[in-house]
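One-letter residues, chain by chain:
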Amino acid sequence: MFLFLLWLLISLALVAVLSFLFLRQWLLSRKNKLHTSSENGINVGIFHPYCNAGGGGERVLWCAVRALQEKYQNAKVVIYTGDIDASPNSILQKAKNVFNIAVDSDNVKFVFLKQRHWIEAKNYPHFTLLGQSIGSMVLGLEALCRFPPDIYIDTMGYAFTYPLFRYLAQSKVGCYVHYPVISTDMLKRVQQRQMSHNNKKYVARNPFLTWTKLAYYRVFSRMYKWVGCCAETIMVNSSWTENHILQLWDVPFKTHRVYPPCEVSHLKSLQHTEMGDEFIILSVGQFRPEKDHPLQLQAIYELRTLLSQDEALWNQIKLVIVGSCRNEDDYERLKNMQDLTKHLSLENNVQFSVNVPYEDLLKLYQTARIGIHTMWNEHFGIGIVESMAAGLIMVAHRSGGPLLDIVETSAGSQNGFLATDAVEYAETILNIIVNNSEMNGIRSAARASVERFSEQEFEKNFLRAVSTLFTNT
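Quick look at the structure, then. Within each chain, residues carry numbers counting from 1 in the order of the written sequence. pLDDT decides what is reported in this predicted model: residues at 70 or higher carry local features, side-chain atom pairs at 80 or more are listed and counted, and totals for whole chains, interfaces and linings draw on all residues regardless. As a convention, hydrogens and water are excluded, and side-chain values are obtained from all of the structure's heavy atoms.

1. Overview of the packing of helix α4 (residues 128-146) against helix α8 (residues 207-228)
Selection criterion: Lines are fitted to the C-alpha atoms to define the axes, a helix being fitted only along its stretch in contact, and any angle between axes, read from their N-to-C directions, falls within 0 to 180 degrees. Counting from the N terminus, the helices are DSSP H or I runs at least four residues long and the strands are E runs at least two residues long. Reported orientations rely on four angle classes, namely roughly parallel under 35 degrees, roughly antiparallel over 145, roughly perpendicular from 65 to 115, and oblique for the rest. Crossings are sorted by hand: turned counterclockwise from the far helix by less than a right angle, the near helix makes the crossing left-handed, and turned clockwise it makes it right-handed. Note on contacts: a residue pair qualifies if any of its non-hydrogen atoms lie within 4.5 Å across the two residues. The residue classification treats Ala, Val, Leu, Ile, Met, Phe, Trp, Tyr, Cys and Pro as nonpolar and Asp, Glu, Lys and Arg as charged. All others, Gly included, are polar.
In the contact formed by α4 and α8, the axes pass within 10 Å of each other and the chain directions differ by 25°. On the basis of the axis angle, α4 is roughly parallel to α8. Where α4 crosses over α8, the two elements pack in a sense that is left-handed. Taken together, the residues of α8 that come into contact with α4 (itself represented by Thr128, Leu129, Leu130 and Ser133) are Tyr216, Tyr217, Phe220 and Met223. Residues of the contact of α4 with α8, tallied by class, amount to 6 nonpolar, 2 polar and no charged.

Here you go:
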């Protein structure tokens, strides 16, 4: 029996090795043919399964594509996407409409992936991180077989695809990390048995399940470190993300802090046109659970309590929540928030605007006076920066990128406000409303502080970071 098991293990190992060698040889042969037939020389593959979404990650993608096209005219940009229901022209047109970014369509090729469902969180009610990571390898393998590139750049954080491209296709690997898949903050929340969107109540209340989840997180973080180290250049979008990646991956010489591109030049020139007595509070962000839109609704509910003696002022206040929906889960969250709005009797003071065109967003920036952002440990906060550039007085969460990189609250250099819970948000908003005429100094400081987050700064730093990938390619 022992000899049989030993023989079986050796046979399986041999089959695995031979399969790996055969697949690698086939991919290298295919890559050489693509490289030879390519008129432009270098094939740069960018992995972004949701390239047709309208969030900050997509602005990073399109600014990166534009920068690569301008710098490396001998390169062909290939985008791996799962947006099979969209055409290349419609995707590029949406990038133009939403972000005001135009790229050379003749030098962009789309590889449409059919296995994107493998990375959908809804398919993994338990062990979601592991399930999505293994799923990303399935999707990455499909991308690799469809088009093995010379250079591979992941712009969505699917680190488990890196060893596939590095060791199977011998591609040079780079990545832009918006946030770590797992962090020490997540471990602390589980250890302290705090309930959150990724730590369910029944887990937080059960000591054994908490211990099991901690063990799972620790094993996963070791796996995450190994795959992350397969990247040759690592770009991070903020000080918060940089600190966590250095702690998790221990790659100080590969890591570059590259703030994401924010549309600040045009926004800084916008002139405000106030809508009579209406006082608009604007929220901009995708409808994802970590954005914590319910906290915004709770803050407005608390604001109504503070204004219980001033009904006229309360009737002037409107929260406008602008966001994009990527899939059915996002639309379901939107429906839940609309229901919560009715439950809190806020429907006359809250408006939801989904997948808003760029021109309409500009009009909202011009009419709004306050910006609100409620995500805990937001890795950066493009919406925060753009709201500040547009002249809004920003109230963001006291954590992550807003705390470390964007919002300054010290006297003499204050450019915004920070808050933690619904009551503090409400009190801060009321203070801004009551003292609106005294906010011009903060508004001016905010607009002056955002230039370091411009698209030009991003493109310069992005190209510096990826330059090593083009050496000897």
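2. Considering the packing of aromatic side chains
Working definition: an aromatic ring pair is given by the centre-to-centre distance plus the angle between the planes. Filter applied, for reference: Stacked, edge-to-face and tilted are the three classes for Phe, Tyr and Trp ring pairs, Trp counted by its six-membered ring, which pair at centre distances within 6.5 Å; planes under 30 degrees apart are stacked, over 60 edge-to-face, the rest tilted. The rule is simple: take the accessible area with a 1.4 Å probe, protein chains only, and divide by the maximum for that residue type; under 20% is buried, over 50% is exposed, in between is partly exposed.
Counted under the stated rule, the structure contains 19 aromatic pairs. When the centroid spacing of 6.4 Å and the interplanar angle of 55° are considered together, the rings of Tyr216 and Phe220 count as tilted. Of this pair, Tyr216 and Phe220 both sit in helix α8, 4 residues apart, which is roughly one turn of the helix. Exposure remark for Tyr216: the relative accessible area of 15% places this residue in the buried category. Relative to Phe462, the ring of Phe458 has its centre 5.5 Å away and its plane inclined at 25°; by these criteria the two rings are stacked. Here Phe462 and Phe458 lie together in helix α19 (residues 455-470), a separation of 4 residues that amounts to about one turn. In this structure Phe458 comes out as buried when scored by relative accessible area, which is 0%.

3. Side note on unusual backbone geometry
Unlike most non-glycine residues, Asp292 shows phi in positive territory, near 55°. With respect to the secondary-structure elements, Asp292 resides in the loop between β8 (279-284) and α11 (293-306). The exposure class assigned to Asp292 is partly exposed, which follows from its relative accessible area of 28%. Backbone geometry at Asn355 places phi at a positive 50°, although glycine is not the residue there. For Asn355, the location among the structural elements is in the loop between β10 (350-354) and α14 (358-367). On the basis of relative accessible area, Asn355 is assigned to the partly exposed category, the value being 35%.

4. Some thoughts on the pattern of salt bridges
Cut-off, in case you're wondering: In the sections that follow, a salt bridge refers to a side-chain nitrogen of Lys or Arg positioned within 4 Å of a carboxyl oxygen of Asp or Glu.
Evaluated as defined, the whole model comprises 15 salt bridges. For Glu459, the salt bridge goes to Arg66, with nearest N and O atoms at 2.8 Å. Of this pair, Glu459 sits in helix α19 while Arg66 sits in helix α2 (residues 56-71); the two residues are 393 residues apart in sequence, bridging distant segments of the chain. A salt bridge links Arg257 to Glu242, with the shortest nitrogen-to-oxygen separation between them at 2.8 Å. Taken together, the residues Arg257 in strand β7 (residues 255-257) and Glu242 in helix α9 (residues 239-249) connect sequence positions 15 residues apart. For Glu242, a relative accessible area of 15% puts it in the buried group.

Treat this as a map of the structure, not an account of what it does.
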